[in-house]
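Survey of secondary and tertiary structure
If you want the building blocks of each chain, they are given just below.
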Amino acid sequence: VYSKSKEELVSVPEGYVVCADGVCRGVFSQLPPEYQSWETEDRGDCLIIPGMTDLHVHAPQYTVCGYAMDLELMAWLEAYIFPEEARYASLDYARSSYAAFVHDLVHSPTTRVCAFGTLHVEGTLELMEQLERAGFVGYVGKVSMDRNAPENLSETEGEKNLREWLKLCSFPHIKPILTPRFIPACSDELMTAIGAIQADTHLPLQSHLSENPIEIDFVRQLCPQADFYGDAYDRFGTFGTNGSTIMAHCVHSGPEEIRRMKENGVYVAHCAESNFNLSSGIAPVRRFLEAGLKVGLGTDIGAGTSVSMFRSIKEAIIASKMYWRLMDSSKKALSFPEAFYLATVGGGSFFGKVGTFEPGYEFDALVIDDKIIRQPVPTDPQNRLERVIYGDDCRVVIEKYIQGRRIGLS
Ligand code: GUN
Ligand code: FE
């Protein structure tokens, strides 16, 4: 089962998906003659679906995932997140905490990630190495932050640390991404340096945008010259013009901000569960799609509570229904195929041709054994898939392939 377009899923019962050198050749109901002599494997009655891209996740926050949800963004960061991230100054702590995150990610539907580390160079390299060893493809960012945070989580030489870290990144599949935490935590000087690095290197960049009203007011005070929050990034050259850029949330983005994101090709990482948990609001995902923005889904751990992209799909659909009901009845809810597309092709496109089984796409695939939830049996593969995703039980993922390489799930 895979996306043919944003609106259309296709399924090929008893079909063949063909992979050569990590790239998909297509899906066939009969094996074409040219592949008859190729090695074949039979997955019986399992579903085979594309792998998913988690476009926004904070790996160090996995240790506080699932509690401390009583505050909104700024107070939540200060009370729970900054003290936790400060612990990653210890490489031992980073090693054991990241091991738990990576283990659970291996057993999740995720094949590609765009992850935040912390501001610590050694700890972030440890996260990259663990993801590399587990077989993932992705981007990891050493977080840049030098203001409005406790002293032990505030850089005095942010640019130097960033350049040092970049020199030490040499992993084949896990690449660096520039990661200014968000405008409130980054001085003009640091943002200027990051903008210059992106202009030189065209490295990708990830950050946060228009998540919470208190945060947005704060940005207005910090950058009175900016027309809107996204314009503050744009003035430093860090809003898509110098390299692929992901902005998480965009819950309160207005028409001007959305227009600029479209012009600059900025990705939205839509993190619906996080937006519920931090009382941030409901992101206007239909508006993003109507405006032609690039949109993927993120778990946003630890404001999201699970590494499971099944959950991100489900919450995105629920959020879009509430947006339609409570905010704007002209913005129809996401259909299941649309939300599935966002989790696979939407986020996958950040990596190129990734997220479906059309010929030429990199072969990222999941084998799904839904026996544990198959009672009574829906026979239509798309109904089975929908139930798998709403059921949100990662134990159904029994095999995973990334760029054609089989990932060990032991
Ligand atoms: N904005 C700045 N930092 C964070 C973070 O860690 N989580 C979320 N949800 N928003 C942020
Ligand atoms: Fe985040």
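Residues numbered from 1 in each chain as written. Chains lettered and ligands numbered in written order. Predicted model: local features only at pLDDT ≥ 70, side-chain atom pairs only at ≥ 80, totals over all residues. Heavy atoms only, no water.

The subject of this paragraph is the coordination of the iron ion (ligand 2). Within the protein, the iron ion (ligand 2) binds to His 56 (NE2), His 58 (NE2), His 208 (NE2) and Asp 300 (OD); these donor distances fall in the range 2.0 to 2.5 Å. Taken together, the 4 donor atoms surrounding the iron ion (ligand 2) define angles of 87 to 176° at the centre, an arrangement classified as irregular. (Donors = N, O, S within 2.8 Å, 3.2 Å for Na, K, Ca; no water. Tetrahedral: all angles 85-135°; square planar, octahedral: opposite > 155°, others 65-115°.)

If you check the shell around ligand 1, you find His 58, Gln 61, Leu 73, Trp 76, Leu 77, Arg 181, Phe 182, His 208, Glu 211, His 249, Leu 278 and Asp 300 and nothing else. Interatomic distance of 2.8 Å between a side-chain N/O atom of Gln 61 and an oxygen atom of ligand 1. In the model, an oxygen atom of ligand 1 is placed 2.7 Å from a nitrogen or oxygen of the Arg 181 side chain. For ligand 1, the accessible surface in isolation is 280 Å², of which the surrounding protein chains cover 100%. Of all the cavities here, the one that holds ligand 1 is the largest cavity. The element best represented in the shell around ligand 1 is helix 1 (residues 73-86), accounting for 3 residues. Considered class by class, the residues forming the shell around ligand 1 number 5 nonpolar, 4 polar and 3 charged. (Near = heavy atom within 4 Å. Polar contact = N/O pair within 3.5 Å; in protein donor to acceptor, adjacent residues only side chain to side chain. Areas by Shrake-Rupley, 256 points an atom, 1.4 Å probe, with all protein chains shown as cover. 1 Å grid on protein atoms, 1.4 Å probe; cavity = no way out; pocket = protein on both sides within 12 Å on 5 of 7 lines; lining within 4 Å. Sits in = over half its atoms within 2 Å of the grid points. Helix = DSSP H or I, 4+ residues; strand = E, 2+ residues; numbered from the N terminus. Nonpolar A, V, L, I, M, F, W, Y, C, P; charged D, E, K, R; others polar.)

Burial in helix 4 (residues 158-168) covers these residues: Gly 158, Leu 162, Trp 165 and Leu 166. Looking straight down helix 4, one finds its buried side chains confined to an arc of 100°; they lie on one side. Among the structural elements, helix 3 (121-134), strand 8 (137-141), strand 9 (143-144), strand 10 (174-176) and helix 5 (188-201) are those in contact with the buried residues of helix 4. (Buried < 20%, exposed > 50% of the residue type's maximum accessible area, 1.4 Å probe, protein only. Arc of directions from axis to C-beta. Contact = heavy atoms within 4.5 Å.)

Further remarks concern the sheet that holds strand 8. What holds strands together in a sheet is hydrogen bonding between their backbones, with the strands either parallel or antiparallel. Across the sheet, 4 strands lie side by side as 6-7-8-10; this open sheet has parallel pairing. If you trace the sheet from one side to the other, it starts and ends with strand 6 (52-58) and strand 10, each paired once. Recorded for the sheet is a direction-independent mean angle of 20° between the axes of neighbouring strands. Where strand 7 (residues 110-116) and strand 8 come together, 5 bridges link them in parallel fashion. Within strand 8, the position partnered with Val 113 by the bridge is Gly 138. (Pairing = 2+ DSSP bridges. Axes fitted to C-alpha atoms, helices over the stretch in contact; angles between N-to-C directions.)

All quantities given are derived from atomic positions and should not be read as evidence of function.
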